[in-house]
Amino acid sequence: MNGKLKNDVEAASTELGYVFTFLLGVLLLSMFAVWTFDIETSTRQRWNETAIDANMADIAAAVERADSASRQGDDVKYAESVEWRLTEADESLFTLTLTEEGLSLDHNEDELDTTLSISGTGSGDYEGTISLSGTTQIWVIHENGITRISISGPDF
């Protein structure tokens, strides 16, 4: 064996190629992770908005039917159960309110707040504020000249 050292730079350039390839892979995977996170977040937001809009439309329609029943006389009693579609949002922070102005849904995240007008053609008043924490069913009740929303069924 000959004991001479040889100045070989090919191994160093190959090693640098491996390092740069690894860094490029890390960069691409990081970009992919951010991209998929954005897609998942926007999908969840779209689902929340769609479910909330459908829920509010169902409840408003039930209030309109209660209004229609209230115009038939003073002694009319009406009750209807409306299913609340679950959302990805924290529903313990939702508050649903029925007033003379309409139906409003309030959430700590202002982007989920929704207000829906009702015709107000009933023969009585409107009232009711409920928290949607753990709620899957909302009752629209007309009794004694008052149309209200509740999480429990009617007493009649």
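Now for a quick tour of the structure.

Rules and cut-offs
Residues numbered from 1 in each chain as written. Predicted model: local features only at pLDDT ≥ 70, side-chain atom pairs only at ≥ 80, totals over all residues. Heavy atoms only, no water. Helix = DSSP H or I, 4+ residues; strand = E, 2+ residues; numbered from the N terminus. Rg over C-alpha atoms; globule rule 2.2 N^0.38 Å. Buried < 20%, exposed > 50% of the residue type's maximum accessible area, 1.4 Å probe, protein only. Contact = heavy atoms within 4.5 Å. Areas by Shrake-Rupley, 256 points an atom, 1.4 Å probe, with all protein chains shown as cover. Pairing = 2+ DSSP bridges. Axes fitted to C-alpha atoms, helices over the stretch in contact; angles between N-to-C directions. Salt bridge = Lys/Arg side-chain N within 4 Å of Asp/Glu carboxyl O.

1. Quick notes on the overall build of the chain
Along the chain, the regular secondary structure elements total one helix and eight strands. Along the chain direction, N to C, the helices and strands of the chain fall in the order α-β-β-β-β-β-β-β-β. Taking 2.2 N^0.38 as the reference for a compact globule, 156 residues should give roughly 15 Å; the C-alpha atoms of the chain span a radius of gyration of 30 Å, well beyond that estimate. The dimensions of the chain, computed from C-alpha atoms along their principal axes, are 115 × 25 × 20 Å. Within the chain, buried positions represent 31% of all 156 residues. Looking at the chain alone, contacts between residues at least 24 apart form 58% of all its contacts between residues at least 6 apart. Of the accessible surface of the chain, which amounts to about 10,100 Å², a share of 55% is contributed by carbon and sulfur atoms.

2. Points about the sheet that holds strand E5 (residues 125–127)
If you walk across this open sheet you meet the four strands as E1-E7-E8-E5, and the pairing is mixed. Single-partner strands in this sheet number two, and they are strand E1 (78–83) and E5. Taken pair by pair, the neighbouring strands of this sheet meet at an average axis angle of 15°, ignoring direction. Packed on one face of the sheet, helix H1 (residues 10–70) meets E1, E5, strand E7 (137–143) and strand E8 (146–150) and runs near 170° to E1.

3. Here's the deal with the pattern of salt bridges
As enumerated under the stated definition, the model contains five salt bridges in all. The salt bridge partner of Arg148 is Glu143, with a shortest N-O separation of 3.8 Å. For Glu143, a relative accessible area of 17% gives the class buried. Counted as one network, the salt bridges with shared partners bring together Glu40, Arg44 and Glu88.

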